Amino acid sequence: SGVLSLIPSLIASTSLAPMGPAARSMASWFKLSVNEQLAHTPPLWGPPRDVAKGWTPSSIGDPCDRNMLLGVLGYRGDPISSTLRRIFDFGNFIEDWWVKQFKAAGIWLPGGGVTYTRTKPPVVRWKYDVLIRHKYEANRKFLVEIKSINKDGFKALPPNSMSPDANFEALFNLGGGMHQRVRNYLYQLQVYLYEAQEQEGI
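Below, the structure is looked at part by part. Given the structure is predicted, the values throughout are model-derived calculations rather than measurements. (Residues numbered from 1 in each chain as written. Predicted model: local features only at pLDDT ≥ 70, side-chain atom pairs only at ≥ 80, totals over all residues. Heavy atoms only, no water.)

1. Let's talk about the packing of aromatic side chains
Here comes step 1: In the structure shown here, the tally under the stated rule is 10 aromatic pairs.
Here comes step 2: An angle of 25° between the planes, with centres 6.1 Å apart, marks the rings of Trp-126 and Tyr-128 as stacked. In this pair, the class of Trp-126 matches that of Tyr-128, namely buried.
Here comes step 3: Ring plane angle 35° and centroid distance 6.3 Å describe the contact between Trp-126 and Tyr-192, whose orientation is recorded as tilted. Here Tyr-192 lies in helix α8 (residues 179-196) and Trp-126 lies in strand β3 (residues 124-126), a separation of 66 residues in the sequence.
Here comes step 4: Using a relative accessible area of 7% as the deciding quantity, one classes Trp-126 as buried.
Here comes step 5: The exposure class of Tyr-192 is buried, given its relative accessible area of 4%.
Here comes step 6: Put simply, the rings of Tyr-116, Trp-126, Tyr-128 and Tyr-192 touch in pairs and so form one group of aromatic residues. (Phe/Tyr/Trp six-rings, centres within 6.5 Å; stacked < 30°, edge-to-face > 60°. Buried < 20%, exposed > 50% of the residue type's maximum accessible area, 1.4 Å probe, protein only. Helix = DSSP H or I, 4+ residues; strand = E, 2+ residues; numbered from the N terminus.)

2. Concerning the pattern of salt bridges
Here comes step 1: The tally for this structure, following the rule as stated, stands at six salt bridges.
Here comes step 2: Between Arg-85 and Asp-89 there is a salt bridge whose closest N-O contact spans 4.0 Å. Here Arg-85 and its partner Asp-89 are both found in helix α5 (residues 82-104), four residues apart, which amounts to about one turn of the helix.
Here comes step 3: Residue Asp-89 is classed as partly exposed on the basis of its relative accessible area of 36%.
Here comes step 4: Taken together, the shared-partner salt bridges connect Glu-137, Arg-140 and Glu-200 into one network. (Salt bridge = Lys/Arg side-chain N within 4 Å of Asp/Glu carboxyl O.)

Put into structure tokens, the structure is as follows:
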């Protein structure tokens, strides 16, 4: 949306005259065409998910069992708006940027981005983002799950502590509109740590 907001000024900059109706029309159809391309309206229902595929860590923290069951039965959820698609795409960009920084710093370790399957019940298919090593402490590793957030949500987060336990407790008990989302992320990270047999996560 930030890029799209520049379009009228970019069009106007090609002329010494103020932006007229033709330029505004150009901006309108261009924005409309981009929004149509970004919006995704999948069928409301698809094929049922094979139970043998198991569960995903991101769904385990859902407080509504009905959502999980509907997903197995084939419910595909609400349509994805162009605004939400931009948010998802920007989140992917943020993740790629961090991976690039970890590699440049020489602390990136292989293993992230690969799908693993826990075969014993309950079956879980999982894929964490990144594994990094501590640059100054030998044999110390961190499993990293990257999340992006807007500035208002970021301001609502509790302050960092040097104590991992204090950080976990503060995030787990976070109130307000961020409560359930952050709690779901913590459940997700705990599954990754347990399945990967790693001790520390970020």
